[in-house]
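Descriptive analysis of the structure
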Amino acid sequence: MRKIVLMMSVSLDGYMEGPNREIDWHLVDDELHQHFNDVLKEMGAFLEGRVTYELMAGYWPDADRDPDASAPVVEFAGIWRNMPKVVFSRTLQHADRHTTIVRDVVVDDILALKAQDGGDLALGGAELAAEFLRHDLVDEFRVYVHPVLLGRGRRLFPEGDALTTLRLIDSRRFGNGVVLLHYGRPETGGR
């Protein structure tokens, strides 16, 4: 069965975006970007909220046409363009090719998607991630901790009442100071 993998960058103090939704503090150099490419090209689909989808769709479809684009940017443009995308939105009316719009997170539908053949499912977007977490649908967490303190903004993980125990799968330090913390469900737990 495919896994749902939450991939998100956070500040050291736990924020995924600043108070004005800014993410310009992300330290994505060629090494980290190539790592993202290596992980994401093996995925079976991107699961995104509308805001994330529109942000990505505003840049990546033709990012590889920029003559100054780095090799990782060129590679990711092709990955993003050709990867199936499922966008969860009640307002989005149209999306580009390889994109399916879904109105609500329905647990049985997500479990059916996980049961299909193919690579794991990369989950992105703050509100969508919170909804998947509420339904206990996230199997793995790839949290990229950036060496910055924002002080305020939007936290990656919403407050909750349940304790969720995870197991460390891997960790990695990148040359720019970003640290990957890769966690999964205990072998006996999760969906």
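Here we summarise the structure given alongside this text.

This paragraph deals with the pairing of strand 1 (residues 4–11). Among the eight residues of strand 1, eight are classified as buried, and the element is accordingly described as predominantly covered. Of the two faces of strand 1, the one lined by Ile4, Leu6, Met8 and Val10 and the one lined by Val5, Met7, Ser9 and Ser11 are each fully buried. Sheet analysis places strand 1 next to strand 6 (residues 121–124), joined by three bridges and oriented parallel. Residue Val5 lies in a different strand from strand 6, and its bridge partner there is Ala122. Where strand 1 meets strand 7 (residues 140–146), seven bridges bridge the pair, whose relative direction is parallel. Bridging from a neighbouring strand, Met8 pairs with Val143 of strand 7.

Below, the discussion takes up the side chain of Glu17. The topology assignment puts Glu17 in strand 2 (residues 15–17). Within polar-contact distance, the side chain of Glu17 engages the side chain of Arg21 at 3.3 Å. When near neighbours in sequence (up to four residues on either side) are disregarded, Glu17 contacts Glu22, Ile23, Trp25, Leu150, Arg152, Gly153 and Arg154.

It is worth spelling out the side chain of Ser9 at this point. Structurally, the position occupied by Ser9 is in strand 1. Looking at Ser9, its side chain comes within polar contact range of the side chain of His146, at 2.9 Å. Every residue in contact with Ser9, bar those within four places of it in the chain, is listed here: Tyr15, Met16, Trp25, His26, Phe36, Tyr144 and His146.

Turning next to the packing of helix 1 (residues 30–40) against helix 3 (residues 71–82). Put simply, helix 1 and helix 3 touch, their axes get as near as 9 Å, and they point 25 degrees apart. Taken together, the axes of helix 1 and helix 3 lie roughly parallel to each other. In this structure, helix 1 crosses over helix 3, and the sense of that crossing is left-handed. Side by side, helix 1 and helix 3 meet where Asp30, His33, Gln34, Asn37 and Leu40 of the first sit next to Pro72, Val73, Glu75, Phe76 and Ile79 of the second.

Here we take up the environment of Ile4. Within the secondary structure, Ile4 is located in strand 1. Along the backbone, Ile4 and Leu55 are 51 residues apart, and their C-alpha atoms lie at a distance of 21 Å. Ile4 has contacts with Leu47, Ile110, Lys114, Leu121, Leu123, Phe132, Leu137, Val138, Asp139 and Glu140, leaving out every residue within four places of it along the chain.

Before going further, it helps to examine the packing of aromatic side chains. The tally for this structure, following the rule as stated, stands at seven aromatic pairs. Ring geometry for Phe36 versus Tyr144: centroids 4.9 Å apart, planes at 85 degrees, classification edge-to-face. Here the residue Phe36 occupies a position in helix 1, and Tyr144 occupies one in strand 7, the gap between them amounting to 108 residues. The pair formed by Phe36 and Tyr144 is uniform in burial state, with each residue classed as buried. Taken together, the ring pairs connect Phe46, Tyr59, Trp60 and Phe76 into an aromatic cluster. Positioned over the ring face of Trp80 is Lys85, at 4.3 Å from the centre of the ring. The ring of Tyr15 has Arg155 sitting right over it, with the charged end atom 4.3 Å from the ring centre.

What counts as what
Residues numbered from 1 in each chain as written. Predicted model: local features only at pLDDT ≥ 70, side-chain atom pairs only at ≥ 80, totals over all residues. Heavy atoms only, no water. Buried < 20%, exposed > 50% of the residue type's maximum accessible area, 1.4 Å probe, protein only. Helix = DSSP H or I, 4+ residues; strand = E, 2+ residues; numbered from the N terminus. Pairing = 2+ DSSP bridges. Polar contact = N/O pair within 3.5 Å; in protein donor to acceptor, adjacent residues only side chain to side chain. Contact = heavy atoms within 4.5 Å. Axes fitted to C-alpha atoms, helices over the stretch in contact; angles between N-to-C directions. Parallel < 35°, antiparallel > 145°, perpendicular 65-115°, else oblique. Left-handed = near helix turned anticlockwise from the far one by under 90°. Phe/Tyr/Trp six-rings, centres within 6.5 Å; stacked < 30°, edge-to-face > 60°. Lys NZ or Arg CZ within 6 Å of the ring centre and 35° of its normal.

Purely spatial values, then, with no claim about function.
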